[in-house]
Amino acid sequence: MKSERRSTKASTLGERILKVDHAGEQGAVNIYRAQILVARWTAPSLVPELQEFKSHEEKHRALFWAELQRRGVRRCRSYWLCGVGGWVLGLMTGLLGRHAISATTVAVERVVLGHLKAQLRDLSGKDDAAVHVIAQIVEEEQLHHDQSASHVQTGHVWSKLLSPVVAASTESVIWLGMRL
Ligand SMILES: [Fe+2]
Ligand SMILES: [Fe+2]
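Computed from a predicted structure; not experimentally measured.

Rules used throughout
- Residues numbered from 1 in each chain as written.
- Chains lettered and ligands numbered in written order.
- Predicted model: local features only at pLDDT ≥ 70, side-chain atom pairs only at ≥ 80, totals over all residues.
- Heavy atoms only, no water.
- Disulfide = S-S within 2.5 Å.
- Buried < 20%, exposed > 50% of the residue type's maximum accessible area, 1.4 Å probe, protein only.
- Donors = N, O, S within 2.8 Å, 3.2 Å for Na, K, Ca; no water.
- Helix = DSSP H or I, 4+ residues; strand = E, 2+ residues; numbered from the N terminus.
- Tetrahedral: all angles 85-135°; square planar, octahedral: opposite > 155°, others 65-115°.
- Axes fitted to C-alpha atoms, helices over the stretch in contact; angles between N-to-C directions.
- Parallel < 35°, antiparallel > 145°, perpendicular 65-115°, else oblique.
- Left-handed = near helix turned anticlockwise from the far one by under 90°.
- Nonpolar A, V, L, I, M, F, W, Y, C, P; charged D, E, K, R; others polar.
- Patch = residues over 30% accessible without salt bridge, like charges linked within 9 Å, V, L, I, M, F, W, Y side chains within 5 Å.
- Areas by Shrake-Rupley, 256 points an atom, 1.4 Å probe, with all protein chains shown as cover.
- Salt bridge = Lys/Arg side-chain N within 4 Å of Asp/Glu carboxyl O.
- Polar contact = N/O pair within 3.5 Å; in protein donor to acceptor, adjacent residues only side chain to side chain.
- Contact = heavy atoms within 4.5 Å.
- Core = buried A, V, L, I, M, F, W, Y, C linked by side-chain atoms within 4.5 Å.
- pLDDT = per-residue confidence, 0-100.

J.: If you had to explain the state of the cysteines to someone new, which residues and values would you point to?
T.: Applying the stated criterion across every chain yields a total of zero disulfides. There is no disulfide at Cys-76, and the cysteine sulfur nearest it, in Cys-82, is 7.0 Å away. Cys-76 gets classed as buried once you look at its relative accessible area, which sits at 3%. When its relative accessible area of 9% is taken as the criterion, Cys-82 is described as buried.

What follows is the structure, given as structure tokens:
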């Protein structure tokens, strides 16, 4: 008999969180992908760092995807939205130069870290496998935040203008993903 496990919708809190985080990593990969594309002209000194961050995000995406596949859960409907949104955000901020690039990472990671820490709290004792995956990425997200924050002063114009917009977009996409 052919035993084929069909991918299903997420049913538990852990599964919903895993698929949202997986979609978020796709967004993060594309932010860096687009920023790298234009930073060669607008912020060449940042390119090695952006490449390093992108490789972390690809690893995070793979970790979440492996856990989703193990559970037979399909990816989030917000995956493509995150991908396109991330790419557009990365391209626009990449064109604006190094301050805008770093301010974007700081704003995204601040929201992401808040969610990751809440997810770890909410899933503790309920879904150890999900906790294990999330715990593996927190340190690198913190590094992205801290390293980028060291490049940009909080009072800088891009930090002031971009932070609320980027933070609100990140919050919305997470909110939406949890409901899809
Ligand atoms: Fe990540
Ligand atoms: Fe990150």
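Additional details are given in the paragraphs that follow.
J.: How would you explain the coordination of the iron ion (ligand 1) if you had to name every residue and give the values?
T.: Ligation of the iron ion (ligand 1) by protein atoms is provided by Glu-25 (OE), Glu-25 (OE), Glu-57 (OE), His-60 (ND1) and Glu-141 (OE), these donors lying 1.9 to 2.7 Å from the ion. Counting residues between consecutive donors of the iron ion (ligand 1) along the chain gives the motif E-x31-E-x2-H-x80-E. For the pair the iron ion (ligand 1) and the iron ion (ligand 2), the metal-to-metal distance amounts to 3.9 Å, and Glu-57 bridges them. With His-60 in helix α2 (residues 47-71) and Glu-141 in helix α5 (residues 128-149), this residue pair connects regions lying 81 residues apart in the sequence.

J.: For the coordination of the iron ion (ligand 2), give the residues involved together with the corresponding values.
T.: Donor atoms from the polypeptide that coordinate the iron ion (ligand 2) comprise Glu-57 (OE), Glu-109 (OE), Glu-141 (OE) and His-144 (ND1), at 1.9 to 2.3 Å from the metal. Of note is the iron ion (ligand 2), whose four donor atoms meet at the metal with angles of 91 to 139 degrees in an arrangement that counts as irregular. All donors of the iron ion (ligand 2) come from a single chain, and their spacing in sequence reads E-x51-E-x31-E-x2-H. Given a relative accessible area of 1%, Glu-57 falls into the buried group. By relative accessible area, Glu-141 is classed as buried at 2%.

J.: Give me the packing of helix α1 (residues 13-42) against α2: which residues, what numbers.
T.: For any two helices packed against each other, one specifies the inter-axial angle together with the distance between the axes. Their axes nearest at 8 Å, the elements α1 and α2 cross at an angle of 155 degrees. Classified by the angle their axes make, α1 and α2 are roughly antiparallel. Relative to α2, the crossing made by α1 is left-handed. Of the residues contributing to the contact of α1 with α2, the split by class is 12 nonpolar, five polar and 12 charged.

J.: Help me get a handle on a nonpolar patch on the surface, residues and values and all.
T.: On the surface, Leu-37, Val-84, Trp-87, Val-88 and Met-92 cluster together into a nonpolar patch covering about 440 Å² of accessible area. No other element matches the four residues that helix α3 (residues 79-96) contributes to the nonpolar patch. The residue Trp-87 is located in helix α3 in this model.

J.: Describe the side chain of Thr-170, with residues and values.
T.: Examined against the element boundaries, Thr-170 turns out to sit in helix α6 (residues 157-179). Thr-170 gets classed as buried once you look at its relative accessible area, which sits at 12%. A distance of 2.7 Å separates a polar side-chain atom of Thr-170 from the backbone oxygen of Val-166. Dropping the residues within four chain positions of it, Thr-170 is found in contact with Val-108, Val-111 and Val-112.

J.: With reference to specific residues and values, describe the nonpolar core.
T.: Core analysis: the largest hydrophobic core is formed by 25 residues, its most contacted members being Phe-64, Leu-116 and Ile-134. When residues of this core are traced back to their parent elements, those giving at least two are α1, α2, α4 (98-123), α5 and α6. In terms of residue count, α4 provides more of this core than any other element does, eight residues in total. Contact partners of Phe-64, with chain neighbours within four places excluded, come to Leu-18, Asp-21, His-22, Glu-25, Val-133, Ile-134 and Ile-137.

J.: Residue-level account of the confidence of the model for the protein chain, with values.
T.: Looking at the protein chain, the pLDDT average stands at 93 and 97% of residues meet or exceed 70. Mean pLDDT per element in the protein chain: α6 is the minimum at 91, and α2 is the maximum at 98.

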